[in-house]
Amino acid sequence: MKQITMTAEKIAEFVKGTVCGDPQRVITGIAGIKEAASEHLSFVGSKKYEDQLNTTAAGIILVCKDLANVSTDGRTLIVCDNVDLAFAKLTAMFAEEPPAFVPGIHPSAVVDSSAVIGQNVSIGANAVVEAGAVIADNAVISALCYIGHDAKIGSNTILYPNVTVMYRCEIGAKCIIHPGVVIGADGFGFIPGPQGLVKVPQTGIVVIGNDVEIGANTTIDRARFGKTVIKDNVKIDDQVMVAHNVAVGESSILVAQCGIAGSAELGRGVILAGKAGVNGHITIGDGCQIAGTSSVAKSLPPGQIVIGTPAESQRDFLGRLALPKKFQKLDAKVKELEAKLKELAK
């Protein structure tokens, strides 16, 4: 982290927060709430973590509105509408600049003569760019990446090491593709035949929009026919599996180890939490939220929040979860009544 000296007053102005305590309190860096020292800024984003205010040594602490009335007791707090967003902005300010990629083609890279390479492109060691590929201006193809025949990489997109983009697949502008991602491998398609399983040709492509970020070791399969589509501003975590002919709507979030089966369609702003699964050939409406480890078997209308396997509304899930306890109470009551009847029968 960079060493930057800032007062609480200046920080509050930057994040549009309110100072509680000494506005001239100074910090020179940021840290987690447990590791922070007096020269650091940290944050507490929820009232349930209020006890951490009593144990941290942080000089300045960003807090949510629920903690606005906490006694400062020598501490300086900055009350924010959105603590996570405020801390993220400050993290970006204090962060060291990432290593610069030098434009040019490394001597060990293999770039076909028919590939179209834009201005200020960086192609790293042992990368391979096949015939007909197009790499737009300012793109970065890191070491050991593979860009297949006729694939397209948009401007200002970064492919970190060991990314594979198979033939004819397309990636938009300003995307970030983390190590180990595979885009455009064959979809999983087989049909039982008289002599065993017969492979179904996967003749389509993958099309990824602009401002998409894809986490390490995620796989996005090429379509059986047509396109597998990841629309603009989608954010995908590590180790996610997107099957053939899936469509993921704008600004959706796919969290680690979730999976989407073939031909499912996710609307705009969908959140698929960790290890959740979506059945094939169904539609998830705009703004739906799928809880972690849930399994969605049927289409969902827009705005639904579901949990469990099979996924259901929070109300239904909690009601079903409470049934065993209700049954135990009912069973105890029945036994009590039976005992009373036996006493009366004597």
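The coordinates are above.
How each quantity is defined
Residues numbered from 1 in each chain as written. Predicted model: local features only at pLDDT ≥ 70, side-chain atom pairs only at ≥ 80, totals over all residues. Heavy atoms only, no water. Patch = residues over 30% accessible without salt bridge, like charges linked within 9 Å, V, L, I, M, F, W, Y side chains within 5 Å. Areas by Shrake-Rupley, 256 points an atom, 1.4 Å probe, with all protein chains shown as cover. Salt bridge = Lys/Arg side-chain N within 4 Å of Asp/Glu carboxyl O. Helix = DSSP H or I, 4+ residues; strand = E, 2+ residues; numbered from the N terminus. Expected span 1.5 Å × (residues − 1). Buried < 20%, exposed > 50% of the residue type's maximum accessible area, 1.4 Å probe, protein only. Arc of directions from axis to C-beta. Polar contact = N/O pair within 3.5 Å; in protein donor to acceptor, adjacent residues only side chain to side chain. 1 Å grid on protein atoms, 1.4 Å probe; cavity = no way out; pocket = protein on both sides within 12 Å on 5 of 7 lines; lining within 4 Å. Points joined across faces, edges and corners; volume = space filled by probe spheres on them. Nonpolar A, V, L, I, M, F, W, Y, C, P; charged D, E, K, R; others polar. Pairing = 2+ DSSP bridges. Core = buried A, V, L, I, M, F, W, Y, C linked by side-chain atoms within 4.5 Å. Contact = heavy atoms within 4.5 Å. Disulfide = S-S within 2.5 Å.

A. Representation of a nonpolar patch on the surface in the model. On the surface, Phe 188, Phe 190 and Leu 197 cluster together to form a nonpolar patch covering roughly 390 Å² of accessible area. Here Phe 190 shows up in strand E22 (residues 190–193).

B. Spotlight on helix H2 (residues 83–94). The terminal C-alpha atoms of H2 lie 16 Å apart, and with 12 residues this matches the ideal 16 Å at 1.5 Å per residue to within 8%. Along H2, the residues classified as buried are Val 83, Ala 86, Phe 87, Leu 90 and Phe 94. Along the axis of H2, the buried residues cluster in a sector spanning 95 degrees; they form a single face. Turned more than 90 degrees away from the buried face of H2, the exposed residues are Asp 84 and Ala 92. Looking at where H2 begins, the residue whose side-chain oxygen comes 3.4 Å from the main-chain nitrogen of Asp 84 is Asn 82.

C. Broad picture of helix H1 (residues 8–15). Taken as a whole, H1 has its buried residues at Ala 8, Ile 11, Ala 12 and Val 15. Here the buried residues of H1 occupy an arc of 100 degrees about the axis, which is enough to place them on one side. After H1 finishes, the residue Lys 16 shows a positive phi value of roughly 60 degrees.

D. Quick look at the layout of surface pockets. Computed from the structure, the largest pocket encloses a volume of approximately 190 Å³. In terms of lining, the largest pocket is formed by Gly 189, Phe 190, Ile 191, Val 200, Gln 202, Arg 224, Phe 225, His 244, Asn 245, Gly 262, Ser 263 and His 281. In the lining of the largest pocket, the residues fall into 4 nonpolar, 7 polar and 1 charged.

E. Looking closely at the pairing of strand E6 (residues 60–63). The alternating pattern of E6 places Ile 60 and Leu 62 and Ile 61 and Val 63 on opposite faces, both of which are buried. Here strand E5 (residues 40–44) pairs with E6 via 4 bridges, running parallel. Directly across from Leu 41, in E6, lies its bridge partner Ile 60. Bridge count for E6 against strand E7 (residues 76–79) is 4 bridges, and the pairing is parallel.

F. Up close: the sheet that holds strand E38 (residues 295–296). Strand order in the open sheet made by the 10 strands is E9-E12-E15-E18-E21-E26-E29-E32-E35-E38, with parallel pairing throughout. Both edges of this open sheet fall to strand E9 (110–111) and E38, since each of them pairs with a single strand only.

G. Fine view of the nonpolar core. Among the nonpolar cores identified, the biggest contains 54 residues, and Ile 208, Leu 254, Ile 260 and Ile 284 are the most heavily contacted of them. The contact partners of Ile 284, leaving out residues within four places of it in the chain, are Glu 265, Leu 266, Gly 267, Val 270, Val 278, Ile 290, Val 296 and Leu 300. Core analysis: the next-biggest nonpolar cluster, separate from the first, contains 30 residues, Ile 27, Ile 60, Val 70 and Val 83 among them.

H. Representation of the environment of Thr 219 within the structure. When you line up the elements, Thr 219 lands in strand E26 (residues 219–221). The class for Thr 219 is partly exposed, based on a relative accessible area of 26%. On a C-alpha basis, the gap between Thr 219 and Val 182 in space is 4.9 Å, while along the polypeptide they are 37 residues apart. In this structure Thr 219 touches Val 182, Val 240, Met 241 and Val 242, once residues within four positions along its chain are discounted.

I. Summary view of the state of the cysteines. Counted by the stated rule, this structure contains 0 disulfides. The cysteine Cys 258 is free of any disulfide, with Cys 288 supplying the nearest cysteine sulfur at 14 Å. For Cys 258, a relative accessible area of 2% puts it in the buried group.

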